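A look at the structure
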There are 2 protein chains.
Amino acid sequence: MKKNIFSFDDTSARKLKNKKNILGGKGANLGEMGRLGLPVPPGFTITTKVCDIFYQNNKKLPKKTVKNIEKELKKIEKKTKKKFGDLENPLLVSVRSGARISMPGMMDTILNLGLNDKTVVALKNKTSNGRFAKDSYRRFIQMYSNVVLGIEGHLFEELIDNYKLTKGVLLDTDLDEEDWDGLIKNFKELIKKEKKIQFPQDVKQQLIGAINAVFLSWNSQRAKTYRKLNQIPDNWGTAVNIQAMVFGNMGKNCSTGVAFTRNPSTGEKNFFGEFLINAQGEDVVAGTRTPQYITSKSKREAGANEPSMEEVMPKVYKELTKVFLKLEKHYRDMQDIEFTVENNKLWMLQTRSGKRTAKAAIKIAVDMVKEKLISKKEAILRIDPNTLDTLLHPTLDDKVKKEIVATGLPASPGAASGKVVFTADEAERLNEMMQDTILVRLETSPEDIHGMHAAKGILTARGGMTSHAAVVARGMGRPCVSGSSEITIDYDAKHFKAGNVIIKEGELITIDGGSGKVMKGKVPTVKPEISGYFSTIMKWTDQFRKLKVRTNAETEADCKTAREFGAEGIGLCRTEHMFFDEERILSVRQMILSKSKEDRNNALEKLLPYQKNDFKKIFNVMFNLPVTVRLLDPPLHEFLPKTERDIEEVARSLNLAAKEVKERISELHEENPMLGHRGCRLGISFPEIYEMQCEAIFEALVELKKEKIKTALVEIMIPLVSTDTELKILRKLVDSIANKIEKKNKIKLKYMVGTMIELPRAALQAKSISKYADFFSFGTNDLTQTTLGISRDDSGKFLSDYIDNKIFEIDPFVSIDQNGVGELVELASQRGRKANKRIKLGICGEHGGDPKSIDFCSKTGLNYVSCSPFRVPIARLAAAQAELRK
Amino acid sequence: MKKNIFSFDDTSARKLKNKKNILGGKGANLGEMGRLGLPVPPGFTITTKVCDIFYQNNKKLPKKTVKNIEKELKKIEKKTKKKFGDLENPLLVSVRSGARISMPGMMDTILNLGLNDKTVVALKNKTSNGRFAKDSYRRFIQMYSNVVLGIEGHLFEELIDNYKLTKGVLLDTDLDEEDWDGLIKNFKELIKKEKKIQFPQDVKQQLIGAINAVFLSWNSQRAKTYRKLNQIPDNWGTAVNIQAMVFGNMGKNCSTGVAFTRNPSTGEKNFFGEFLINAQGEDVVAGTRTPQYITSKSKREAGANEPSMEEVMPKVYKELTKVFLKLEKHYRDMQDIEFTVENNKLWMLQTRSGKRTAKAAIKIAVDMVKEKLISKKEAILRIDPNTLDTLLHPTLDDKVKKEIVATGLPASPGAASGKVVFTADEAERLNEMMQDTILVRLETSPEDIHGMHAAKGILTARGGMTSHAAVVARGMGRPCVSGSSEITIDYDAKHFKAGNVIIKEGELITIDGGSGKVMKGKVPTVKPEISGYFSTIMKWTDQFRKLKVRTNAETEADCKTAREFGAEGIGLCRTEHMFFDEERILSVRQMILSKSKEDRNNALEKLLPYQKNDFKKIFNVMFNLPVTVRLLDPPLHEFLPKTERDIEEVARSLNLAAKEVKERISELHEENPMLGHRGCRLGISFPEIYEMQCEAIFEALVELKKEKIKTALVEIMIPLVSTDTELKILRKLVDSIANKIEKKNKIKLKYMVGTMIELPRAALQAKSISKYADFFSFGTNDLTQTTLGISRDDSGKFLSDYIDNKIFEIDPFVSIDQNGVGELVELASQRGRKANKRIKLGICGEHGGDPKSIDFCSKTGLNYVSCSPFRVPIARLAAAQAELRK
């Protein structure tokens with residue numbers, strides 16, 4: 001098709017393959033409405049191809065194109081019964097750019113084109129509104145001078161400001177027709193002085209100048225920069241839209257408004273919108289006048305006084321509702337609409353899919369399926385998984401004023417208020433007295449877990465989105481703001497500073513883990529309600545997704561939450577979290593401080609019943625589902641006390657000299673604990689620890705069986721493997737303990753043994769490792785740390801520099817680095833499956849709850865993802881979407 | 001060829017393709033000598049194929065084989081003029097196993113076979129030595145009973161012990177003919193009691209039994225275990241050697257000895273060896289009698305009294321020298337020989353390539369090329385590169401007794417003695433007073449560098465072969481023993497404990513960095529002499545190798561040393577090492593403690609002239625060679641003080657409150673500095689630091705040019721890159737500084753920009769990164785840390801468990817992990833070269849000085865390796881060998 005210009009009602013445009021590529025976003029959209037027979041002000045689109053031609057033709061429009069433009073203009077004249085440049089009923093047009101995708105503020109627009117010294121008089125006469133006509137003309141001169149003639153806009157603004165100063169008024173609305181007349185004169189003088197020309201009075205010259213200027217604006221510096229930053233190819237070009245002007249500000253039977261076809265905040269199937277009589281589009285947005293409601297229902301519900309459109313313009317309202325229905329049916333989605341009423345005539349200016357809250361998105365999607373507007377698949381694809389978070393956590397009451405004292409990273413969603421405490425013990429003490437607290441720490445460590453449990457929220461000054469605080473808080477579903485570098489904590493003085501504000505221990509603060517804000521005082525929160533719509537969508541996702549969704553959990557409560565949210569097993573049960581309980585930590589420390597294997601075994605024996613009972617509870621809650629238990633992973637020094645006082649206390653309770661404890665601590669000190677004596681390396685050095693843990697697991701299984709209680713399918717996971725030999729040795733250890741317990745109880749045990757792939761070498765060696773593994777679970781947190789060489793605890797110091805410099809698009813601990821870490825995951829999956837066809841593949845890093853990463857996992861062909869309990873619904877949705885996108 | 005038995009002089013064996021596979025090591029060797037016409041006691045080899053047949057035939061020898069064995073035995077009888085089982089001149093034989101490769105102690109041997117109650121009398125008569133005959137008989141009974149009949153050896157030993165107790169004597173030599181007679185009777189009774197049989201008197205039955213037993217011993221439990229541990233296939237099987245016995249202990253005209261065809265310790269071309277008259281092989285080894293020299297020359301030189309073989313057995317000696325010459329000519333290598341003289345008749349029992357010192361290896365190789373015995377290529381391949389280390393460093397005097405108090409890892413070769421000091425400052429203080437010290441630290445840090453320079457040697461309690469101490473010490477050529485977990489340092493008490501020994505500050509100790517030993521007191525050392533032979537070999541290596549050899553150095557002195565050792569450039573010049581100098585560290589700290597960019601720039605300006613002058617010196621020493629300068633790499637906190645006292649001192653000198661300094665230290669603290677804010681991340685966050693360094697580099701070049709001093713080819717290296725964008729940004733920074741200085745001085749600068757590949761992601765992304773890189777230098781230290789997830793500073797805690805469990809064959813920081821890290825290096829090389837054909841590839845990790853790793857680099861097609869100055873000769877040799885092995 002060689003056609004380079006399409007009018008908005010040109011049905012031949014239906015045949016265009018990539019409408020937006022050729023017509024631009026705006027042109028495609030207006031044409032779509034035009035062809036639907038909706039009242040769109042007549043107009044046409046000059047395609048992006050002409051932009052190409054324009055640049056090839058020495059930045060000039062070919063004569064043929066100019067002729068075609070004139071031909072299309074004639075059509076507008078015919079439809080509007082106005083004439084371009086006419087001295088009685090002049091046609092005014094807008095000239096707008098329209099690229100393939102929106103480049104807000106980057107490209108140029110000219111309104112009211114067609115006005116000159118003569119047509120402005122005609123406009124005045126026609127509308128009987130001299131001020132309107134002159135105001136329109138001066139606006140046109142301003143825009144045209146800036147866009148086409150290249151005179152800086154502030155020069156005109158200065159003239160207006162000076163004029164108002166002389167006249168002693170403040171607002172543009174204080175200027176009348178004569179004032180604008182005077183200013184128009186001044187504007188013309190300015191143009192003459194700056195450009196040595198008269199302002200063009202020939203309307204055709206105006207039009208061609210404007211079109212040329214729009215094409216030229218594609219290569220303006222700011223547009224180039226914008227494209228570079230947003231990776232938009234330079235050769236796309238822009239289209240140009242010429243459209244008849246309509247005015248909502250020509251009198252009482254004029255108006256302008258915006259509307260949604262359904263309620264964007266609740267999703268209810270009611271029209272929802274606002275309008276203003278005798279106003280322009282900007283007035284609705286600017287908020288200088290209070291808009292009126294469109295429907296009487298919403299007017300009543302809001303208790304507003306001003307009448308609704310339904311009441312004051314009943315005919316136009318009725319027409320509008322028909323348009324709404326037509327658009328929804330056509331676009332099969334809730335629409336966000338702009339309209340203008342000129343002399344009781346409705347004109348549609350814009351329609352697009354409307355933004356909505358998570359709650360509304362879900363309700364609209366479910367409703368539209370019931371209305372047979374869309375399929376279940378479409379419904380699923382329409383919901384942004386990340387927004388579900390807001391539905392599952394308490395949120396701050398929007399209506400209340402907040403005193404924000406600092407911001408940090410939105411590490412774990414939800415809002416919480418409480419008294420500031422600086423130690424885990426204090427959080428626990430106040431919790432026992434039924435007082436809510438926010439635990440404020442430089443950073444948290446596994447020692448703080450009991451306090452994190454006891455507190456309502458966590459605030460840290462250091463650490464990123466995947467710092468200890470963030471990870472643990474998300475796992476618990478506790479709100480958390482991490483890495484708030486704006487606060488300075490003084491533990492000794494028991495306060496923290498945020499700017500000039502000092503917040504003392506015991507003072508109330510509120511944190512919003514969804515936005516990273518820290519507020520003074522208690523801000524009321526709104527509790528989440530999980531609707532039937534939510535459950536419906538969740539059920540639908542299960543019909544489509546292939547990826548299973550498990551959870552990372554190690555307490556009975558978390559397991560229950562996760563199962564309620566639809567978790568299909570546990571992908572990561574971190575046994576060390578069970579070690580920090582007050583009753584056990586002493587035995588753990590005793591074990592670590594032991595000098596002989598015998599002493600160590602004695603201490604381990606004391607721990608065994610605790611671990612066994614933990615496992616019994618978890619296995620029972622997760623009955624019939626797989627539970628992956630990871631054997632001890634962190635370095636032993638994480639369990640030892642850090643402060644002088646704690647060291648002395650531990651020494652006393654273990655009957656040791658403080659010096660001995662300190663010596664052991666110093667012995668265990670590591671420069672880089674992340675790369676130290678941890679994971680399966682502990683199992684190799686101290687097999688007795690892993691033996692105890694396996695015994696606890698298998699005895700839990702045996703006891704449940706004997707007590708006839710339903711139980712889970714146990715998968716034992718060996719962490720931090722980098723060679724096949726490690727797994728071979730430790731698999732043998734697991735099997736030998738199983739064997740021992742089978743013999744003792746005359747029971748056959750079912751279990752799997754697998755490993756985490758969390759080191760680059762493990763990924764590379766997947767072939768040989770898979771021979772000893774029933775499953776691989778990609779530990780992408782650590783795999784990201786090692787592949788990128790970035791400690792997530794320390795990344796806060798430079799990650800923002802990296803995002804600023806566009807080195808990373810997004811924190812690689814939040815969304816998986818598909819090029820680097822991703823290649824290793826793919827490679828390990830292929831090599832592992834090739835050597836062991838029955839191997840199960842999953843992911844248990846923080847990425848397991850990130851939609852983009854889930855999409856990657858789906859493409860890579862993993863069997864499951866595992867994430868924190870509160871992200872299970874997000875993962876279910878994302879997994880279904882990933883499948884549907886394939 | 002279907003022949004399954006080969007006599008030692010059977011020339012048809014020459015046609016066998018894999019002699020050792022078929023005849024076993026020992027059989028091939030004896031046959032080789034036999035076919036050379038040397039006096040080998042006659043005998044034959046039953047091939048490994050028969051071992052197969054034996055097991056297929058229900059563990060029996062086929063009749064045909066038995067017949068063939070009898071036939072071969074007849075040949076021996078003919079040659080020796082003795083008869084098997086004869087009552088006058090009986091033939092005795094040995095039956096020995098002989099597998100493809102030596103399995104020391106694993107398989108069985110029977111000597112003196114052919115003795116029975118009657119032939120022993122014949123032997124007595126023939127030798128006129130009753131005691132010898134009976135002693136031989138009882139030995140045979142013992143061995144046979146153990147090997148063939150399966151009676152435990154200790155039962156016979158107990159009988160002998162009891163007998164001696166009864167008789168009241170201590171030694172076997174105190175027993176006479178009659179005693180042995182009695183014991184033979186007891187032995188026979190024991191056999192009857194244990195196995196209900198008589199000791200076999202039929203010599204043929206003895207022989208077949210012994211052969212069967214040798215074949216059976218291939219599948220004994222200990223042999224199987226040995227094969228498993230050493231990865232020897234079970235199906236190789238063993239050969240059996242039957243050989244006529246000869247005796248060196250039948251009287252004064254008998255003797256036995258060992259000899260080398262050249263001096264194995266100096267390499268001099270003189271026969272060298274020892275012998276004993278009227279003795280057996282064991283006697284020479286056991287050391288109960290002092291052996292005599294073989295040549296009169298060595299007797300004279302040693303000032304020995306006992307006459308030489310040359311003097312007492314001149315005829316045999318002459319024959320022996322002929323054999324020596326023949327063997328060297330045949331094997332084209334220095335031989336280690338065993339011989340026996342029976343009644344003035346020389347018999348050769350063994351020959352093999354002799355072990356030798358590095359010094360001897362070099363001299364022998366060079367001499368043999370001159371003698372046209374071997375080619376230059378062969379000469380190069382014969383020297384173990386690792387042994388060169390001993391030639392370049394002082395070694396401990398072998399003759400002095402040592403009191404070893406502890407051992408650690410042999411981290412940096414050479415021996416050193418000095419007073420124990422526990423701080424770098426003390427080492428420096430004493431150095432100024434011309435006193436030698438050994439710096440003893442838990443571990444070292446960059447802060448200790450001045451002390452490491454000042455000390456004669458370094459001893460640490462923690463850290464592996466590539467800990468800071470080890471790496472720096474090797475770089476400096478300082479002896480170092482690292483990770484000596486046997487010592488406990490008490491800094492407060494100023495002493496360290498090693499077992500029960502307490503060594504105080506100021507006490508003298510000696511360390512041997514080649515063996516890892518720590519000794520009390522001063523042990524005299526021997527200085528190395530670099531011989532002309534060494535230079536010759538080094539020159540030859542350069543004719544063959546393609547891999548260039550550079551060095552890692554950053555001081556003028558090290559550069560000079562390296563260039564003398566043949567370094568062809570600097571592969572890694574660590575600019576941060578220049579920061580620790582006392583004059584500069586204050587400015588460095590000021591820079592780090594700066595709160596504004598301005599303050600930082602001021603501090604950097606002070607550093608600039610220092611860096612510039614360093615570069616001028618280095619560039620000049622390395623004129624015409626490439627010098628790779630790495631921009632700042634370590635995290636900034638490494639430069640800050642650690643102790644309370646130092647903090648206060650720094651605060652004072654910078655006019656800051658100690659609290660401020662502490663706050664900044666706490667701000668900069670990192671959980672995992674290895675994965676923290678370092679490398680190019682510093683360049684991204686603080687471009688002014690890299691700008692200063694580039695300025696220093698380019699200004700150094702400009703000044704040298706202006707001063708008309710020869711200079712080096714500068715390559716600027718950006719460390720720790722993981723994305724192409726990092727390199728793109730920083731390359732731009734380098735170019736812009738170069739540009740600035742070019743304009744300022746109107747000089748065109750030549751330089752390259754490249755990066756280290758030291759993170760797995762960098763290796764994976766080599767394609768995109770290579771677009772901005774003129775070279776890649778593989779930083780395999782860090783690449784090993786991240787790929788394996790092992791911190792080299794912390795690896796000491798579990799690495800020994802890993803070696804013990806055979807998880808690692810060798811410390812992966814010593815020799816490159818070819819499967820894991822190696823795959824990444826290969827992959828990055830391929831991807832990098834594909835995208836950028838002119839890219840230069842090198843390695844600058846510690847592995848650059850390890851022969852195995854150099855072989856890997858050569859195979860992977862790298863252009864150069866870089867290693868510490870003292871390893872340059874090793875690398876040159878290893879690189880040549882790698883090329884020759886291709």
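Residues numbered from 1 in each chain as written. Chains lettered and ligands numbered in written order. Predicted model: local features only at pLDDT ≥ 70, side-chain atom pairs only at ≥ 80, totals over all residues. Heavy atoms only, no water.

1. Some thoughts on the pattern of salt bridges
- Counted under the stated rule, the structure contains 120 salt bridges over all chains.
- A salt bridge links R584(A) to D614(A); the nearest nitrogen and oxygen atoms lie 2.4 Å apart. Of this pair, R584(A) sits in helix α22 (residues 582-593) while D614(A) is found in helix α23 (residues 597-621), placing the two residues 30 residues apart along the sequence.
- Note that K748(B) is salt-bridged to E742(B), the shortest N-O span being 3.7 Å.
- Judged by its relative accessible area of 14%, E742(B) falls in the buried class. (Salt bridge = Lys/Arg side-chain N within 4 Å of Asp/Glu carboxyl O. Helix = DSSP H or I, 4+ residues; strand = E, 2+ residues; numbered from the N terminus. Buried < 20%, exposed > 50% of the residue type's maximum accessible area, 1.4 Å probe, protein only.)

2. Remarks on the sheet that holds strand β15 (residues 409-412) of chain A
All names here are of chain A.
- Spatially, β14-β24-β23-β16-β17-β18-β19-β15 is the arrangement adopted by the eight strands of the open sheet, whose pairing is mixed. Two strands lie at the open edges of the sheet, namely β14 (404-407) and β15, each paired on one side alone. Averaged over all pairs of adjacent strands, the angle between their axes in this sheet comes to 30 degrees, without regard to strand direction.
- Note that strand β18 (residues 457-460) and strand β19 (residues 480-482) share two bridges and pair parallel. Paired with L459 across the two strands is V481, which belongs to β19. (Pairing = 2+ DSSP bridges. Axes fitted to C-alpha atoms, helices over the stretch in contact; angles between N-to-C directions.)

3. What about the packing of aromatic side chains?
- Per the stated rule, a full pass over the model turns up 33 aromatic pairs over all chains.
- Where F580(A) meets F639(A), the ring centres are 5.0 Å apart and the plane angle is 25 degrees; that geometry is what we call stacked. Remark: F639(A) occurs in the loop between β28 (626-630) and α24 (644-653) and F580(A) occurs in the loop between β27 (570-574) and α22; sequence separation between them is 59 residues.
- F580(A) sits in the buried class, given a relative accessible area of 11%.
- Three or more aromatic residues joined by ring pairs make a cluster, and in this case those are F54(A), Y55(A) and F215(A).
- We note R563(B) situated over the ring of F623(B); from NZ or CZ to the ring centre the distance is 4.3 Å. (Phe/Tyr/Trp six-rings, centres within 6.5 Å; stacked < 30°, edge-to-face > 60°. Lys NZ or Arg CZ within 6 Å of the ring centre and 35° of its normal.)

4. Quick look at empty space enclosed by the protein
All names here are of chain A.
- One pass over the structure, following the stated rule, counts five cavities of 30 Å³ or more.
- Of the volumes computed, that of the largest cavity is approximately 60 Å³.
- Along its surface, the largest cavity is lined by twelve residues, and N552, G845, E846, C867 and S868 are the ones closest to its centre.
- Going through the elements one at a time, α19 (468-476) and β33 (864-867) are the ones with two or more residues in the lining of the largest cavity.
- With three residues, α19 is the largest single contributor of residues to the lining of the largest cavity.
- Split by residue class, the lining of the largest cavity holds two nonpolar, six polar and four charged. (1 Å grid on protein atoms, 1.4 Å probe; cavity = no way out; pocket = protein on both sides within 12 Å on 5 of 7 lines; lining within 4 Å. Points joined across faces, edges and corners; volume = space filled by probe spheres on them. Nonpolar A, V, L, I, M, F, W, Y, C, P; charged D, E, K, R; others polar.)

5. A closer look at the relation of the copies chain A and chain B
- Between the two copies, chain A and chain B, the superposition gives an RMSD of 0.2 Å; the rotation angle is 180 degrees and the shift along the axis is 0.2 Å. Here the copies are linked by what is in effect a two-fold axis.
- When the interface residues of chain A are mapped onto chain B, 98% of them are again interface residues, pointing to one common binding face. (Least-squares fit on C-alpha atoms with pLDDT ≥ 70 in both. Contact = heavy atoms within 4.5 Å.)

6. Some remarks on the sheet that holds strand β5 (residues 93-99) of chain A
Residue and element names in this part refer to chain A.
- Ordered by their spatial adjacency, five strands build an open sheet running β1-β2-β7-β5-β6, and the pairing between neighbours is antiparallel. The outermost strands of the open sheet, each flanked by one partner alone, are β1 (5-7) and β6 (109-113). Across the sheet, the axes of successive neighbouring strands diverge by a mean angle of 20 degrees, strand direction being ignored.
- Seen against the sheet, helix α1 (residues 19-35) touches β1, β2 (43-46), β5 and β7 (238-244) and runs at an angle of roughly 130 degrees to β5.

7. Considering the environment of Y331(B)
All names here are of chain B.
- Positionally, Y331 belongs in helix α13 (residues 314-331).
- Note: C-alpha distance between Y331 and E32 (299 residues apart in sequence) is 9.9 Å.
- When near neighbours in sequence (up to four residues on either side) are disregarded, Y331 contacts N29, E32, T351 and R382.

8. Quick notes on helix α6 (residues 153-167) of chain A
Residues and elements named next belong to chain A.
- For α6, spanning 15 residues, the distance from its first C-alpha to its last is 22 Å, which sits close to the expected 21 Å at 1.5 Å a residue.
- Turning to α6, its buried residues number three or more, namely F156, I160 and K164. Seen along its axis, α6 keeps its buried residues to an arc of 75 degrees; they face one direction. Opposite the buried face of α6, by more than 90 degrees, sit the exposed residues L165 and T166.
- Residues of α6 that are buried sit in contact with α5 (130-149) and α7 (177-195).
- Following α6 by one or two positions, G168 has its phi on the positive side, about 75 degrees. (Expected span 1.5 Å × (residues − 1). Arc of directions from axis to C-beta.)

9. A look at the pairing of strand β5 (residues 93-99) of chain B
Residue and element names in this part refer to chain B.
- Counted residue by residue, β5 has six buried out of seven residues, so it is predominantly covered.
- Alignment of β5 against strand β6 (residues 109-113), held across three bridges, turns out to be antiparallel. Its bridge partner lying in β6, V93 is registered against L113.

10. Describing unusual backbone geometry
Residue and element names in this part refer to chain A.
- At K494, a position not held by glycine, the phi torsion is positive, near 55 degrees.
- Residue placement: K494 occurs in the loop between β20 (487-490) and β21 (495-498).
- Overall, the relative accessible area of 43% leaves K494 in the partly exposed class.

11. So, the nonpolar core
- Among the nonpolar cores identified, the biggest contains 272 residues, and F619(A), F698(A), F619(B) and F698(B) are the most heavily contacted of them.
- Apart from the residues within four sequence positions on either side, F698(A) is in contact with I716(A), V734(A), I737(A), A738(A), I741(A), L749(A) and Y751(A). (Core = buried A, V, L, I, M, F, W, Y, C linked by side-chain atoms within 4.5 Å.)

12. Here's the deal with the interface of chain A and chain B
- Each partner contributes to the interface: chain A provides 52 residues, whereas chain B provides 52 residues.
- Between chain A and chain B, the buried area comes to about 4500 Å², and carbon and sulfur atoms account for 52% of it.
- Our count for the chain A to chain B interface comes out at four salt bridges.
- At the boundary of chain A and chain B, one finds 28 residue pairs in polar contact (both at pLDDT 80 or more).
- Elements with a contribution of two residues or more to the side of chain A that touches chain B: α25 (658-668), α26 (680-685), α28 (724-745), α29 (760-764), α31 (780-788), α32 (796-804) and α33 (821-835) of chain A.
- In terms of residue class, the side of chain A that touches chain B is built from 17 nonpolar, 18 polar and 17 charged. (Buried area = accessible area lost by both parts, 1.4 Å probe. Polar contact = N/O pair within 3.5 Å; in protein donor to acceptor, adjacent residues only side chain to side chain.)

13. Digging into α31(A)
Residue and element names in this part refer to chain A.
- Taken across its nine residues, α31 has nine buried, putting it largely inside the fold.
- Every buried residue belonging to α31 is among T780, N781, D782, L783, T784, Q785, T786, T787 and L788, and all of these are buried.
- Backbone geometry just downstream of α31 places G789 in the positive-phi region, at approximately 65 degrees.

14. Describing the side chain of T47(A)
- Position of T47(A) among the secondary structure elements: in the loop between β2 and α2 (48-56).
- Residues contacting T47(A), with those up to four places away along its chain left out, are N4(A), I5(A), F6(A), I22(A), L23(A), F215(A), T238(A) and A239(A).

15. A look at the side chain of N552(A)
Residue and element names in this part refer to chain A.
- Along the chain, N552 turns up in strand β26 (residues 548-552).
- Within polar-contact distance, the side chain of N552 engages the backbone oxygen of C844 at 3.3 Å.
- A polar atom in the side chain of N552 sits 2.5 Å from the side chain of S866.
- If sequence neighbours within four positions are ignored, N552 has contacts with G571, L572, R574, C844, G845, S866, C867, S868 and P869.

16. Some remarks on the packing of α6(A) against α7(A)
All names here are of chain A.
- Contact geometry for α6 and α7: axes closest at 10 Å, N-to-C directions at 140 degrees. Considering their axes alone, α6 and α7 lie oblique with respect to each other. Every pair of crossing elements has a handedness; the one defined by α6 and α7 is right-handed. Seen from α6, the contacting residues are L155, F156, L159, I160, Y163 and K167; seen from α7, they are E178, D179, W180, L183, N186, F187, L190, I191 and E194.
- Its residues assigned to classes, the contact of α6 with α7 shows ten nonpolar, one polar and four charged. (Parallel < 35°, antiparallel > 145°, perpendicular 65-115°, else oblique. Left-handed = near helix turned anticlockwise from the far one by under 90°.)

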